[in-house]
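Breakdown of the fold
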Amino acid sequence: MDKIKIIGGQKLHGEVKISGAKNAALPLIASSILVNGKTCFTNVPDLMDISSIKLLLEDLGATCESSDNYLEVNGSSINKIEAEYDLVRKMRASILVLGPLVARFGHAKVSLPGGCAIGARPVNMHLSGLEALGANISIEHGYIEAKAGKLIGNEIYFDMPTVTGTENLMMAATLAKGTSVLRNAAREPEIVALADALIKMGAKIHGAGTAIITIEGVKELSSVDIEIIPDRIETGTFMVAAAATNGDVLIKGCEPDHIGGIISKLKATGSRVEIVADTIRVKGNSSIKSIDIKTLPYPGFPTDMQAQFMTLMTIAKGNSVIHESIFENRFVHANELLRMGADISISSGNIAMVRGVKKLQAAQVMASDLRASASLVIAGLIAEGTTVISRVYHMDRGYEGIEKKFSLLGANIERIK
Ligand code: EPU
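The model shown is predicted, which means the values in this text are computed figures rather than measured ones.

1. Observations concerning the sheet that holds strand β6 (residues 82-83)
- Ordered in space as β6-β7-β9-β8, the four strands form an open sheet in which the pairing is mixed. The sheet terminates laterally at β6 and β8 (136-140), the two strands that pair on one side only.
- As judged from the two bridges shared by β6 and strand β7 (residues 107-111), these two strands associate in the parallel manner. Following the sheet pairing, A83 is matched in β7 by V110.

2. As for helix α11 (residues 332-339)
- Among the residues of α11, those classed as buried are H333, A334, E336 and L337. For α11, the arc enclosing every buried residue in end-on projection is 165°, short of the 170-degree limit, so these residues lie on one face.
- Within two residues after α11, G341 carries a phi angle of roughly 95°, on the positive side.

3. Digging into the sheet that holds strand β13 (residues 212-216)
- The strand order across the open sheet formed by four strands is β10-β11-β13-β12, and the pairing between neighbours is mixed. In this open sheet, the two strands that pair with only one neighbour each are β10 (155-157) and β12 (204-206). Recorded for the sheet is a direction-independent mean angle of 15° between the axes of neighbouring strands.
- As paired strands, strand β11 (residues 179-183) and β13 are joined by five bridges and run antiparallel to one another. Each residue of the ladder has a partner; that of R183, found in β13, is I212.
- Across the sheet, helix α6 (residues 163-174) touches β10, β11, β12 and β13, and the angle it forms with β13 is around 25°.

4. Regarding the site of the ligand
- The full set close to the ligand counts 22 residues, and N124, T162, T164, D304 and I326 are the nearest of them.
- At 3.0 Å, a side-chain N or O of N23 approaches an oxygen atom of the ligand.
- Here the ligand loses 89% of its free accessible area of 830 Å² to cover by the protein chains.
- Elements with a minimum of two residues in the shell around the ligand: α1 (22-31), α5 (124-132), α6 and α12 (370-382).
- Looking at the shell around the ligand, the element that brings in the most residues is α5, giving three residues.
- Classifying every residue of the shell around the ligand by side-chain character gives eleven nonpolar, six polar and five charged.

5. Here we look at the side chain of T314
- Position of T314 relative to the elements: it lies in helix α10 (residues 306-314).
- Reaching out from T314, the side chain makes a polar contact with the backbone oxygen of T311 at a distance of 2.5 Å.
- When neighbours within four sequence positions are excluded, T314 is seen to be in contact with L337, A342, I344, V354, R355, G356, V357 and L360.

6. Examining unusual backbone geometry
- In this chain, Y298 is followed by P299 through a cis amide linkage whose omega measures 10°.
- Inspection of the secondary structure puts P299 in the loop between β18 (293-294) and α10.
- Look at R391: it is not a glycine, yet its phi comes out positive at around 60°.
- Within the fold, R391 resides in the loop between β23 (386-390) and α13 (393-396).
- Residue class for R391 comes out partly exposed when judged on its relative accessible area of 37%.

7. A short note on the packing of helix α8 (residues 232-244) against helix α9 (residues 260-268)
- At a minimum axis separation of 10 Å, α8 and α9 run at an interaxial angle of 5°. Overall, the two elements α8 and α9 adopt an arrangement that is roughly parallel. Mapping the contact onto sequence places R232, G236, M239, V240 and A243 in α8 and I262, I263 and L266 in α9.
- Looking at the contact of α8 with α9 residue by residue, the classes come out as six nonpolar, one polar and one charged.

8. Considerations on the packing of aromatic side chains
- In total, this model carries two aromatic pairs according to the counting rule given.
- With centroids separated by 4.7 Å and ring planes inclined at 40°, the aromatic side chains of F238 and F406 adopt a geometry described as tilted. Note that F238 is positioned in helix α8 and F406 in helix α14 (residues 402-408), a separation of 168 residues in sequence. For the pair F238 and F406, a shared accessibility class is recorded, and that class is buried.
- An angle of 90° between the planes, with centres 5.1 Å apart, marks the rings of F301 and F309 as edge-to-face.
- The exposure class assigned to F309 is buried, which follows from its relative accessible area of 0%.
- Here K109 stacks its cationic end above the ring of Y143, 5.5 Å away from the centre of that ring.

9. Thoughts on the packing of α1 against helix α2 (residues 48-59)
- Two numbers describe how α1 lies on α2: the axes approach to 10 Å, and their chain directions differ by 5°. Considering their axes alone, α1 and α2 lie roughly parallel with respect to each other. For the pair α1 and α2, the contacting residues are K22, A25, L26, I29 and A30 in the first and D49, I50, I53 and L57 in the second.
- The residue inventory of the contact of α1 with α2, partitioned by class, reads seven nonpolar, no polar and two charged.

Cut-offs and rules
Residues numbered from 1 in each chain as written. Predicted model: local features only at pLDDT ≥ 70, side-chain atom pairs only at ≥ 80, totals over all residues. Heavy atoms only, no water. Pairing = 2+ DSSP bridges. Helix = DSSP H or I, 4+ residues; strand = E, 2+ residues; numbered from the N terminus. Buried < 20%, exposed > 50% of the residue type's maximum accessible area, 1.4 Å probe, protein only. Arc of directions from axis to C-beta. Axes fitted to C-alpha atoms, helices over the stretch in contact; angles between N-to-C directions. Contact = heavy atoms within 4.5 Å. Near = heavy atom within 4 Å. Polar contact = N/O pair within 3.5 Å; in protein donor to acceptor, adjacent residues only side chain to side chain. Areas by Shrake-Rupley, 256 points an atom, 1.4 Å probe, with all protein chains shown as cover. Nonpolar A, V, L, I, M, F, W, Y, C, P; charged D, E, K, R; others polar. Parallel < 35°, antiparallel > 145°, perpendicular 65-115°, else oblique. Phe/Tyr/Trp six-rings, centres within 6.5 Å; stacked < 30°, edge-to-face > 60°. Lys NZ or Arg CZ within 6 Å of the ring centre and 35° of its normal.

Rendered as structure tokens:
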């Protein structure tokens, strides 16, 4: 298994280009199931999770061709409605094929995603939403089976905003008979990107990006070209890395409108953040101010940036309270940061008190999930000595060429095979 070795202490300087967003690409690629023809994607990030969804679509019978951040999916040859355990267990987002399969074929069987490092992450709202659209749902031998002649539009209320749940139901409702209304829907930029693509395909969707999305079902969707939006979490990760190392980094090809919460919080730590069109320049400050953070559904502060900000707070002046309100077990990185000399205590499972220390010390640490691995890379960049991070396959799921990008910014970082 690959490891990442970092010799800390370099200030990051230079320019970095942001890749396409993993969490936008996954539902968009799943939406190609709805089309009896070709869907072409550009700006597709080269990631393990993208390979996983591609393999899953190929297993369903779709034809995929890819090269250099380009992917073409032909859904006309899909001849299987079962997403198997071995493919789904690698990536929870595989649940995104459930809505499109049942909408187009009236029948789908998808392995129930198993446990997850960051929380239980049930899919009950995906299932009750499909039931509201008329699907008959059963769970047997670890598989969800959804059967419906034709889905029928209906009102769906989410107990809490769910990103992939909203995406699954929005895709399913595009081919349902009649009108569906999703209430308390998630409002993330990835939802808007999916709605825009579906509208381009011929779907009738209003209100994406607000808590109420209305979808008027259509008979079929057609072939289109889709460009994946920039990754707001990768953008935020480089912003925090620039601030933590007291560097000066120009981040190009990003979408500042998608990261208002991250920009505000980073400015509050004392960093300078300059925005010009699709670029963000972050200049660090030798004295980082401590701030408090509470993760919330968009447009609140993203849970996917909590770990990276925790690393920044380990070397801030004063105390910081970090409240993780989305997932119940998303502080595993805190234990690794403790091994690097951070001062963190966790109360009631989801509130962390971080007391700033002068310096982190290098150590051997282990990544537990995708964003935790990014927080450990940032910790390695600021720590004294040589940090070795194991289990970086978590990072490869969601960051395209991360060590190459950091290396171009002057970091002393390498992958050990
Ligand atoms: N939830 C339920 N029941 C459901 C669905 C969700 O109780 O049926 C709960 C979850 O357990 C969680 C909350 O609702 O407590 C919100 O979860 P959500 O469904 O929004 O998360 P997700 O759709 O599974 C996506 C991202 C995650 C990101 C979260 C929150 C994708 C592929 N994944 O997950 O991304 O953390 O939204 O923003 O879009 C990552 O990229 O590292 C990552 C984990």
